[in-house]
Every structure is written in structure tokens, then in C-alpha cells.
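Here is what each chain is made of, one letter per residue.
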Amino acid sequence: LTQTPLQKFPALQANIGFALLAFVGACWVVPKVGESFVNKGLKGRDLLKRGGRVSGPWVPECLGLPCASLYLALMMLFIPFPFSHLFKSQYPLGGPDSFPQRELTLYLSSLLSLLTATLLGFIDDLFDIRWRHKLPIPIVAAVPTLLVYYSVGGVTSVVLPKGVSGWLNTLGLGNGSWIDGNVVDLGPIYYIYLVLLPTFTTNSINILAGINGVEVLQALIIALSVAFNDLLFLPIWAESILTMLGVNKPQEGRMLEWAIGEVVDRHLMSLYFMAPLIGICLGFLWHNWYPARAFPGDTFCYFTGMAFGAVAIQGHFSKTLILFFIPQIFNFILSCPQLFGLVECPRHRLPSFDEATGLLNPSRVIFEKRPPKRTAIVLEILSFLRLVRLERSDLDAPSVSAASSPEVEDSKASGAKKQHIKSSTNLTIINFLLVHFGPTREDKLCALVGAVQVLCSVLAFGIRYGVGSWFYGG
Ligand code: UD1
Ligand code: MG
């Protein structure tokens, strides 16, 4: 008798119910509490509307807080469901040891990390805390999750691409205690990577921001991608989906372990967290979509980012999760010169609004003076890669103060025109898209970022399951 996945995993039915509750709850709660948030001063001007910074419309800010609270409340109420089959028989059946403490601990430590992240986000919304202060907090929040990871015998090894392991073998490094065939045990280094993962997932969503809907849309697409990936691991679907993708051939005998036991449990747990998150994101997007009637605030970015980090660590698929963050990785790398002070970083890097047309253009960082050489070199490289658009000034242009400058003397002597960088578009993926596809309207730009995120998720699945052996092992 074939069972459908919902019959086989009864908690999934409840979980889908909780996801619907999350959706309806988020739709309902946001307008209900919006005014109270405004009254408490939790509001921000919608900068990309007429009037902008000066007289743009006020929008309640930090509404990630009721969403996170609703999500946490639902996840707490959901705790008994994955264990409900145990309640049917007279407990304790086989003694208290028969209770799956491991799963319960995984679940509770994830909730603890989520609570900490929500608190951090809320504090950031209230006090705009500095980078150097907010960076270590997700690290602290990740400690309980990591200890639980360790206690359940968490893997610290990665599978090397075949070429690399062959190369290590020729160097004579292939037979150490930390390397076995093409599997390398990274030990403590792997834990450092896991500690940094929630720091990255939380902050990277927060800096891909600034236009209506974009924080929520990216979180929604990542949550859908994680949930889809989890579904691939449920035994009943796994086989047919993998056959469809043409990747069900056992890889070195390991594919057979794919859909059994622990792996399924881990992905089920991840699904339990993702389905209500999808509901929350959809419900909130309803209010945050252009023209926004509510802003998510940092609370939303931190709690969703932590949810992804926690499920990926607990589910042992942190490398797969990283693949779903390709646009955020791109945005982070592009932002590095501004984040680390090489190029000036204004408080807001969101696009600039053209009052005449109502369209968005890339925003610019203006250099009053000639920028230092290393800044200029970095910007020239980024411009060569078509990642920014520069505006240059001509030093040959007659100017009283510049007339006697050595550069002008040089350029006159060589007959070449020497220019310096006057301004550059801000280093974000949103401005990069505007450089190539702008000027455009705010909602279209948000949809474009969403389309990029979806395409990157498709690419991620291609890499994960197409070039499977590279990343096999989670
Ligand atoms: C991050 C970005 C910043 C960006 C800001 C926008 C970095 C290092 N920081 O800062 O460049 O400008 O997010 O969220 O990349 N706002 C809008 N429309 C929106 C969303 C926000 O106008 O759709 C404005 C509102 O005035 C709102 C404010 O941005 O009050 C919220 O900014 P906040 O989330 O506090 O900024 P950061 O996360 O510090
Ligand atoms: Mg923010």
C-alpha cells in the first residue's frame, strides 16, 4: 500500500496548517500594530517616494518584530507535533530513554538562536548599533546550535573535487589522518565556518535592502529553495524527483543512504521550520510590497537569516545553503570596499529617486577631492568588470587651483589627458542592476532582484545535484 508523504509524516499536515496560520496571522497582525509602532517612534520615511528624506511618507518600521513573535509562538506551539506519535501509546513506552531527546534538543536550540537573533535585530532597530558591535552577536547566538551539532556527532569533513584530491595525493598529503580519499576532515576550522555562517546569513540579507519588498522577497525565495531541497530528501518523493533529474544513480554507493533514517529526520526538521517561515514572508510581503505600508526593519532580516543558518547547521546542509545565497555573496563581495572603509560608505546606499520621472537611478558616492590611489585602483577594476559606473573629471579643464598641480604639468608634458574619479555608483547589487537595466520603477526593480534570486537558486540546484560529487555530503 503506497502512502502519500502527508500520511507517512503526519506532523507535516499540522505543519502545513501552521504555515497557513502564519500567512493569515502576518497578513492580519501587521496593519493591527502598525499605528502603535508609529506612536512609539518606530517609523521611517519611505525614501524612494516623492519628497524622500524631507517629506516622504512615514511608514511603520520594525514590523519584523510582530512577525518574528508570531513565528516563534507558532514554532513553540508546534513542538509537540513531531513527537505526537509517542503520545498515542501510554507514555513512557520503553522508559524516558525512548523519547527522541536528540531531535527535541535540535529543535529547542534552533528556537534559542532565533530568539537571540530577534532580540539583536530589535536592539539594532532601536539603537542603530555599530558594525563592530553587532557582528559578534550572531556568533554568540550560534554557540548553543553548534554544541548540539557537536553532541549529535556533527560532520566536520568536506568532499573534495576529484581533481583536487588527486593533486593532494601527488603532493604526498593524501594519506594523513585528516584526509581520507577525497574526504577532508577540517575539524575546528569547520566549526569556525559554522560559527560565521549565521553572521553571514543575517547581515547579508540586511545589506541587500533599501527598496520596498526586497528584504522579504529574498527571504521568501531562499525559504522556498530550502524547503524544496528538503522535499527532495523525503523518501517517497526523492526517488521519482531524482529520476526526473537524472541523478538517481548511486554515487559510490552513497546515494542509497540518501533517503533513509537520520537524513530524512534532519530535512523534516528543516521543513518544519521553513513552511511557517514561507507563510510569514508571504503574509508580510503583502504589506511590504510597493508602495510599502510597513517596513521589516533589521529584526526581520536577523530572524530570517538566523532561521536559515540554524536549519542548515542542524540539517547538515550548510554548503547547500550557501549556494542559495549567491546574490547575497555577490552583494557582500561587491560591498566590501565600502564596508571596510576603502570607499566612503554613506548611511544609505539605496538608489536615487528621480522626482521628475518617478524612476530609480543608481545612487552615487561623490569624491570632493581626488580619491586615494588604492581607492581609485579598486574602482577602476570594478568599472572594468562593469560592476560600477564611474564619472570622471578632466584635469586638463582650466581651473585656477588645479592649474599648478603636478598632475596637470605631467599631463601637459605627455600630451595625455589625465582624469580623476569624481563619483562612482554605490557598490550594491541593486545599483549594479540599475547601471545595466535602469532607470526603472521601484516594484520592477524589486521583481528583477527576485528574478535574479530565483535564477541563482536554479543554478544552485544545478551545482548541488549536477556537479553533485563536488558538494556531496551536505
Ligand atoms: C542597510 C544598508 C543601507 C540601506 C538600508 C535600507 C548597508 C551597509 N546598509 O542599512 O545602505 O540604505 O539598509 O534599508 O548596505 N527604507 C526605505 N525603503 C525601503 C526600506 C527602507 O526608504 O524599502 C529606509 C527607511 O527610511 C527606513 C530605513 O531605510 O527607515 C531602514 O534602514 P535600516 O534597515 O535601519 O538600515 P541598515 O540596515 O542599517
Ligand atoms: Mg536594515
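Residues numbered from 1 in each chain as written. Chains lettered and ligands numbered in written order. Predicted model: local features only at pLDDT ≥ 70, side-chain atom pairs only at ≥ 80, totals over all residues.

Under the heading Catalytic activity (unreviewed entry), UniProt records this for the protein: "a di-trans,poly-cis-dolichyl phosphate + UDP-N-acetyl-alpha-D-glucosamine = an N-acetyl-alpha-D-glucosaminyl-diphospho-di-trans,poly-cis-dolichol + UMP". Database annotation for the protein, UniProt heading Sequence similarities (unreviewed entry): "Belongs to the glycosyltransferase 4 family." (UniProt positions renumbered as here; feature names shortened; annotations may be inferred.)

Caption draft 1: Structural view of unusual backbone geometry. Cis geometry is found at the peptide bond from Tyr 290 to Pro 291, where omega equals -10 degrees. Phi is positive for His 316, close to 60 degrees, though the residue is something other than glycine. A positive phi angle, close to 65 degrees, is found at Arg 386, a residue other than glycine. Checked against the element boundaries, Arg 386 lands in the loop between α17 (373-384) and β9 (390-394). (Helix = DSSP H or I, 4+ residues; strand = E, 2+ residues; numbered from the N terminus.)

Caption draft 2: Spatial organisation of helix α19 (residues 429-437). When α19 is considered as a whole, its buried residues turn out to be Ile 429, Ile 430, Asn 431, Phe 432 and Leu 434. Contact partners of the buried residues in α19: α16 (326-339), β7 (360-361), β10 (419-425) and α20 (442-466). (Buried ≥ 20, exposed ≤ 12 C-beta atoms within 10 Å, placed from the backbone. Contact = placed C-beta atoms within 7 Å.)

Caption draft 3: Expanded view of the packing of helix α4 (residues 64-78) against helix α14 (residues 297-314). For the pair α4 and α14, the least separation of the axes is 7 Å and the interaxial angle reads 35 degrees. Contact residues: α4 offers Gly 64, Leu 65, Cys 67 and Ala 68, while α14 offers Gly 297, Thr 299, Phe 300 and Phe 303. The residue makeup of the contact of α4 with α14, split by class, is five nonpolar, three polar and no charged. (Axes fitted to C-alpha atoms, helices over the stretch in contact; angles between N-to-C directions. Nonpolar A, V, L, I, M, F, W, Y, C, P; charged D, E, K, R; others polar.)

Caption draft 4: Representation of the sheet that holds β10 within the structure. Pairing within the open sheet is antiparallel, and its three strands lie in the order β8-β10-β9. The sheet terminates laterally at β8 (364-366) and β9, the two strands that pair on one side only. Direction aside, the axes of adjacent strands within the sheet are offset by 30 degrees on average. Direction of pairing for β9 relative to β10: antiparallel, over a ladder of five bridges. Each bridged residue has a counterpart across the sheet, and for Leu 390 the counterpart in β10 is Ser 424. (Pairing = 2+ DSSP bridges.)

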